[in-house]
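Remarks on the overall topology
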Amino acid sequence: MYLRTLVAILLCIVRVLAKTTTSTTKVETPTTTSLDPTETPSTIIDILSSQAQYSYFLRHLQRNGMVPIINSLHDITLLAPVNSAFSSLEAIKQLDNNQLLRYIVNQKFRVGYLDDNEVYFNTLYRMSAEKNYSISIIPDFETFEYVVDNVSAIIDPDIYAKHQHSFIQGIEHLLPQKSTICDILLDDSTYQLDGQNISFIKQLFQSIFLDEEEFFIEGKKKKKKKEYKPPKEVFPDTCESFFSNTRSLLIPSDEFINDSLTEIERRYYLSSFHSLNSTKFSTTDEAFLEVKTDIFSLLRHIMLKDLVYGTNGTATKKSHESLAEDSKYKIHLNQTSIIINDKLTSSTSYLASDGVVHIFNNEATTKVSKDNSKFFQALNIPTVDIIPRKALYALHFSNFVKELNFRSLDYLIDGSVANQTLFIERDQKDDIEEDDDNDDGESVNVYSFSSKQNLLYQFADEPVDLTTVEAESDGNHQLLNSKLCSKKRVGGCFKLKLSVSNIKGENVTTLNDDIGVIDIPMPLGNNSFVYVTDSEITSPVSFKHSVGDLMSDGAIHRHLEHIKIDQKTCLTTLQYLNDFDMYSLNENGKGYSVFLPCGRNIKNSKGSWKDLGLILNYLEANPLLFKDLLKGMFIEDTIYSNFGLNHKDRQMVHSSNLNGDLVNIENYQYDGGFNHMIRLNNTKVSLPINSDILFNQGVIHIINEVLLPESFSIPFADLAKTTMDMNYPDYSIVNLIEMFPKLSKALGFHGEAHSTNQYSLLIPSPESLKDFNITTSFTKLYDFLELHLIPNKEIGNLIDCINDNSPQLNSTGYVVNTNLTNATMVCIRDHKNDKVYLQLHKLNNHNSSDFNALSYNKDHEVRLLNHGCTSLNQSSASCVFLIEKPLNLKWIEDPDDDNFLHIHLGFISVGVGIILGLAMFGMVMLGAIYCLGNNRRKFGEPLSQYDNDSMFPRSESTFMPVLTDDDSEDFDRGFDIGYETDLDMLRTETESLLPLHGKRKKRGKKRDYGSTANGEATSPSGPINITGHVSAPRNIHNKSISHTLGRERNIPGFGP
């Protein structure tokens, strides 16, 4: 490398010497003319005038009055563009008297004396009172030339003006004016410089120096918020004033920033930039002020007072100060880069008009430092100390911080409290919505702050970092103590439930079961973390509202797999609690643990209350006892699902319920997953991990059974009376038993202690007793009662059958002996229909899986409807079993004593008989229809002369008017008065035309119809009636009725 550099320098020197020799030879060569030799130019203007290639540049100097200024200078270097450089009109326009000063270096330098390192020089152009415009001279090893500002090569070097002790360097192009450091940093059109990404540092400067109105979002100017003005004595107003004493800026690349700062630190420094650059956030003034202060503190450490660049900028001083107090860096040059503190190496450098920018990245640093130094750590630059308040600013929760300050809870986030976890809702973010109807143009914050209690509940009193926790198959569940405490209500602090479940290979985190955690935890400092949730976090509500929310959801999310919420059972529970006014609980200073029967065991389809059977009927009939039972569900202490699992926690607690009864609570069993059991006195209760339902006075546990006290007992007589029906008061087996004092006494029906009772009862329903007419007059009543009496030693099998404790036995049944000799029953459960049957043992030869074939008398079976026992101790308890129908004594009678033949027909035989009966009925109906059809055809034929219309009497309307002899005078007209009727023509001559009231005479022989009346005279023209008129001739003898009916009639209104 050094050999290559030496060769390049030698070539450059040779080239310069060659140009100098050529120029001297041309000047000193004598001419053959008679003119005197010209004098060698000795000033800068003379040299420019003598060489035509600088005529354009000289003309610009003359136009802008620069000639006198240049003539007055000495020990300078003039960068003179050749004529070809003036091809750009835009560049020419920028050459005013001020801009021309950029071409005058305030010291003389010779290209021949430069080495292979970069150098910089200040010009006479003043950037400010403290700064001059700077240029750089960089060797180009490919063309063996030196280049000014990476733009123009020096093509005519080292022209010496001896009178001014100055040099002229001829350059190829005009020099465009370079940007200032502030222009580079505040330019938001690009975040790159010399191919390096420096967006982080640029955004820091933009957040503190760009006005809010200069930010544009999607082409629309951001709506201006309340103006924020930091104190002027603390911060400079402009970037230029901030850089007034700065000549060098150290910038780490974005990649280097990511390795040097944590995510929360980066987000904190850029929070102001994002707030100003987005219409979504409404950051408080306090947040702007605090973030801005920390940004200025950080930037002052990377701003150097000296211009550290090239050989001449690094050789004179070894230590360079920053703007921050007591902050110095050891810097030396390494070819084209600088090395700071022997740990950081710049990857590229850019000389701006008023200073230099050095950019650092990981790749360049690793070449020097083997320990992979971080940028800020290598320079001993202190970064922001992240405390919860600053972390909340970083996450844009400044309004939440403001609310904490207002509620005097700022101590929770000022760094004085360590080892805590904060859960914060995303809607508490500094989000704003624009209101087009708002006349004043101000944004309206959509978040309304919560109360002090809710704010405290969002803080857990221990650190939780779930990134280090892997969710197991059963999940990871934790109960955390919150900062919200109440000794009066719960005797301590309220709990927060944090759960991690593995769903389809992905970890799902929830808070209090239904609040989703949407992001990984962010560190708050002081070993604290913050989680952002997707919904509101509120302190626990009342007991009534907690259970109401449970009913509306219908399940406990993800954490109660073996018990499901039975809404019907739960509604029943709530109704009982409401009936006895048990929603309001007194503040006892301990809190409450409520064991609420709202679950349904998957193994048992019945609900918790239905499992009580007849006991529930007894409790409903005794309200005071029922209320005491409900009070037993409330234990005056907070027992959570992780009770006893932590060795530091209590393993046993002595407490009491609302009745004042002593309750001993102890940890019983834990399988390492979510199955956890405790023991309340001697009762085992399942408390799955994280299944707690929190309310403002304790915790609710969902159980699938009603907790009965160990001392609970019911008199057997009272239990039997629960089967009575008020609709059938005269039909009760209790009344039947009282007919036999000995039996009644044995069962304790007269106040005897239930412990002396050695029997249980099968009690038919009162309606069935009425249907079977079982009364006190029943001849075999005592045997009937003996048949329904079961010794207590037999009820174990019956209870197991009902509870399905041994499903494998249900295929053959549980044998139960009654108190009647030779009367043995078998209990069988129909799993398909979830029904229980009792069947006589000796006929138990059917397929038990086919319960549709069961019947009362055929299979000698009855259905068991309900049951209940006098106490929880099965060994000493007597039970009552309500059956659908009574057991029949005839089932156990000897069939040889019956003289009648009994035929037992199965369903197939009955079905065949029904089909045959329907077929025969159909044949009879078809025959009847056929016969009726033939008769109708017969009646439709024409009547013969012997047919008589009297067989089918006509209606009265078919008769024609009939006249008596007295009426003939009134009808002495020229038309036929007609015959009596068509029916009268068939009557004998002696019958009256008018109807006679009396007995008609029997017909004799066939009469000769020659006239209308007996004994009337006749005339040649026809018969003569009593009036003397000749009646119309009528001769119907041996003529058909159809011919007679078809004659013409002279009827008034119808004749011609």
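Structure: see above.
Keep in mind that this is a model prediction, so the values were computed, not measured. (Residues numbered from 1 in each chain as written. Predicted model: local features only at pLDDT ≥ 70, side-chain atom pairs only at ≥ 80, totals over all residues. Heavy atoms only, no water.)

This next bit is on the overall build of the protein. Assigned secondary structure in the protein consists of 31 helices and 47 strands. Counting every position in the protein, which comprises 1056 residues, the buried fraction comes to 45%. Intrachain contacts of the protein at a sequence separation of at least 6 include 64% that bridge at least 24 residues. Roughly 56,300 Å² of accessible area belongs to the protein as shown, and the carbon and sulfur atoms make up 50% of that amount. (Helix = DSSP H or I, 4+ residues; strand = E, 2+ residues; numbered from the N terminus. Buried < 20%, exposed > 50% of the residue type's maximum accessible area, 1.4 Å probe, protein only. Contact = heavy atoms within 4.5 Å. Areas by Shrake-Rupley, 256 points an atom, 1.4 Å probe, with all protein chains shown as cover.)

Relative to the elements of secondary structure, R247 occurs in the loop between α8 (239-242) and β12 (248-252). Here R247 sits buried without a salt bridge, and the closest side chain of opposite charge, D354, lies 6.5 Å off (N-O distance). Within polar-contact distance, the side chain of R247 engages the side chain of S134 at 3.2 Å. With residues up to four places along the chain from it excluded, the contact list for R247 reads N122, K131, N132, S134, I181, L304, K305, D306, L307, D354, G355 and V356. (Lys, Arg positive; Asp, Glu negative; His and termini not counted. Salt bridge = Lys/Arg side-chain N within 4 Å of Asp/Glu carboxyl O. Polar contact = N/O pair within 3.5 Å; in protein donor to acceptor, adjacent residues only side chain to side chain.)

If you walk through the whole model with that rule in mind, you get 5 disulfides. Shown here is the disulfide that connects C182 with C239, its sulfur atoms set 2.1 Å apart. The S-S bond linking C182 to C239 shows a torsion near -90°; that makes this disulfide left-handed. Here C239 lies in helix α8 and C182 lies in helix α6 (residues 181-186), a separation of 57 residues in the sequence. Like C182, the residue C239 is buried in the burial classification. The disulfide bridge from C485 ends at C493, spanning 1.7 Å between sulfur atoms. (Disulfide = S-S within 2.5 Å.)

A few words on the packing of helix α21 (residues 614-621) against helix α22 (residues 623-631). At a closest axis distance of 5 Å, the pairing of α21 and α22 adopts a crossing angle of 115°. With respect to their mutual orientation, α21 and α22 come out roughly perpendicular. Taken together, the residues of α22 that come into contact with α21 (itself represented by L616, Y618, L619, E620 and A621) are P623, L625, F626 and L629. The residue makeup of the contact of α21 with α22, split by class, is 8 nonpolar, no polar and 1 charged. (Axes fitted to C-alpha atoms, helices over the stretch in contact; angles between N-to-C directions. Parallel < 35°, antiparallel > 145°, perpendicular 65-115°, else oblique. Nonpolar A, V, L, I, M, F, W, Y, C, P; charged D, E, K, R; others polar.)

Another point: the sheet that holds strand β44 (residues 861-869). Here 7 strands make up an open sheet; going across it, the order is β40-β39-β45-β44-β43-β42-β41 and the pairing mixed. Edge positions in the open sheet fall to β40 (789-791) and β41 (814-817), since each of these has one partner strand only. Between one strand axis and the next, the sheet turns through 35° on average, direction left out of account. The sheet contact formed by β41 and strand β42 (residues 824-830) spans 4 bridges and is antiparallel. Among the inter-strand pairings, N817 is bridged to a residue of β42, identified as T824. Contacts from α21 reach β44 and β45 (879-883) within the one sheet, and its direction differs from that of β44 by about 50°. (Pairing = 2+ DSSP bridges.)

Enumeration over the complete set of coordinates arrives at 15 salt bridges. Where E403 meets R407, a salt bridge forms, and the shortest distance between an N and an O atom there is 2.5 Å. For E403, a relative accessible area of 6% gives the class buried. Of the charged contacts, one joins D461 and K483 as a salt bridge, the two residues approaching to 3.1 Å between their closest N and O atoms. One end of the pair, D461, is in the loop between β22 (459-460) and β23 (476-486); the other, K483, is in strand β23, and 22 residues separate them in sequence. Residue classification places D461 among the partly exposed positions, given a relative accessible area of 45%. Among the charged side chains, a salt-bridge network with shared partners connects E290, D294, R389 and K390.

With that settled, consider a nonpolar patch on the surface. Residues I908, V912 and L916 make up a contiguous nonpolar surface patch of roughly 320 Å² in combined accessible area. When you line up the elements, V912 lands in helix α30 (residues 907-939). (Patch = residues over 30% accessible without salt bridge, like charges linked within 9 Å, V, L, I, M, F, W, Y side chains within 5 Å.)

Within the element layout of this structure, S166 appears in strand β7 (residues 166-171). A polar side-chain atom of S166 sits 3.2 Å from the main-chain amide nitrogen of D75.

This part covers the packing of aromatic side chains. Following the criterion strictly, the structure yields 30 aromatic pairs and no others. A ring pair is formed by F209 and F296, whose centres lie 5.7 Å apart and whose planes are at 85°; its orientation type is edge-to-face. Of this pair, F209 sits in helix α7 (residues 199-209) while F296 is found in helix α12 (residues 285-300), placing the two residues 87 residues apart along the sequence. Judged on exposure class, the residue F209 and its partner F296 are both buried. Here F242 and F296 contribute two aromatic rings whose centre-to-centre distance is 5.1 Å and whose plane-to-plane angle is 85°, an arrangement assigned as edge-to-face. Taken together, the positions of F242 in helix α8 and F296 in helix α12 put the pair 54 residues apart, joining distant regions of the chain. One aromatic cluster in this structure is built from F205, F209, F235, F242, F243 and F296. The ring centre of Y133 lies 5.4 Å from the NZ or CZ of R102, which sits over that ring. Looking at R110, its charged tip hangs above the ring of Y113, at a distance of 4.8 Å from the centre. (Phe/Tyr/Trp six-rings, centres within 6.5 Å; stacked < 30°, edge-to-face > 60°. Lys NZ or Arg CZ within 6 Å of the ring centre and 35° of its normal.)

What follows concerns helix α28 (residues 795-803). All buried positions along α28 are accounted for by I795, G796, L798, I799, C801 and I802. D804 lies just past α28 and shows a positive phi near 55°.

Right, let's talk about the nonpolar core for a bit. As a rule of thumb, soluble globular proteins bury nonpolar side chains together. F243, L249 and F375 are the most contacted members of the largest nonpolar core, which has 95 residues in total. Other than its neighbours up to four places away in sequence, L249 contacts I181, L185, F205, F243, I302, M303, V356, V357 and H358. I733, I774, L787 and L887 belong to the second largest nonpolar core, which has 85 residues in total. (Core = buried A, V, L, I, M, F, W, Y, C linked by side-chain atoms within 4.5 Å.)

Okay, the pairing of strand β43 (residues 835-840) next. In terms of residue burial, β43 counts as a mostly covered element, since 5 of its 6 residues are buried. Pairing geometry for β42 and β43, over 6 bridges, is antiparallel. Counted as the bridge partner of R829 is V836 from β43. The antiparallel pairing of β42 with β43 creates a hairpin that spans 4 residues between the two strands, and D834 there sits at a positive phi of about 55°. Pairing between β43 and β44: 4 bridges, direction antiparallel. Note on β44: the bridge partner recorded for Q839 is E861.

Running from amino to carboxyl end, α7 crosses α12 at an angle of 130°, the nearest separation of the two axes being 10 Å. In terms of their interaxial angle, α7 and α12 are classed as oblique. The two elements α7 and α12 meet at a crossing, and its hand is left-handed. When α7 is examined against α12, the residues L204, F205, S207, I208 and F209 are found in contact with a partner set consisting of K292, I295, F296, L298 and L299. (Left-handed = near helix turned anticlockwise from the far one by under 90°.)

The element strand β17 (residues 344-351) is extensively covered by neighbouring structure, given that 6 of its 8 residues are classed as buried. Both strand β16 (residues 337-340) and β17 contribute to a ladder of 2 bridges, which runs antiparallel. Looking across to β17, one finds that I339 is bridged to T345. Linkage of β16 to β17, two consecutive antiparallel strands, is achieved through a turn of 3 residues, within which N341 is found at a positive phi near 55°. Alignment of β17 against strand β18 (residues 356-360), held across 5 bridges, turns out to be antiparallel. When the sheet's bridge partners are listed, S349 is paired in β18 with H358.

Ordered in space as β13-β12-β18-β17-β16-β15-β14, the 7 strands form an open sheet in which the pairing is mixed. Two strands in the sheet have a free side with no partner beyond their single neighbour: β13 (303-304) and β14 (319-321). As judged from the 2 bridges shared by β12 and β13, these two strands associate in the antiparallel manner. When the bridges of β13 are listed, S248 appears paired with L304.

Once that is clear, we can look at α21. Here α21 has its buried residues at L614, I615, L616, Y618 and L619. Turning to α21, the residues buried within the fold contact α20 (567-579), α22, α23 (716-721), β44 and β45.

Worth remembering: the numbers are spatial, not functional.
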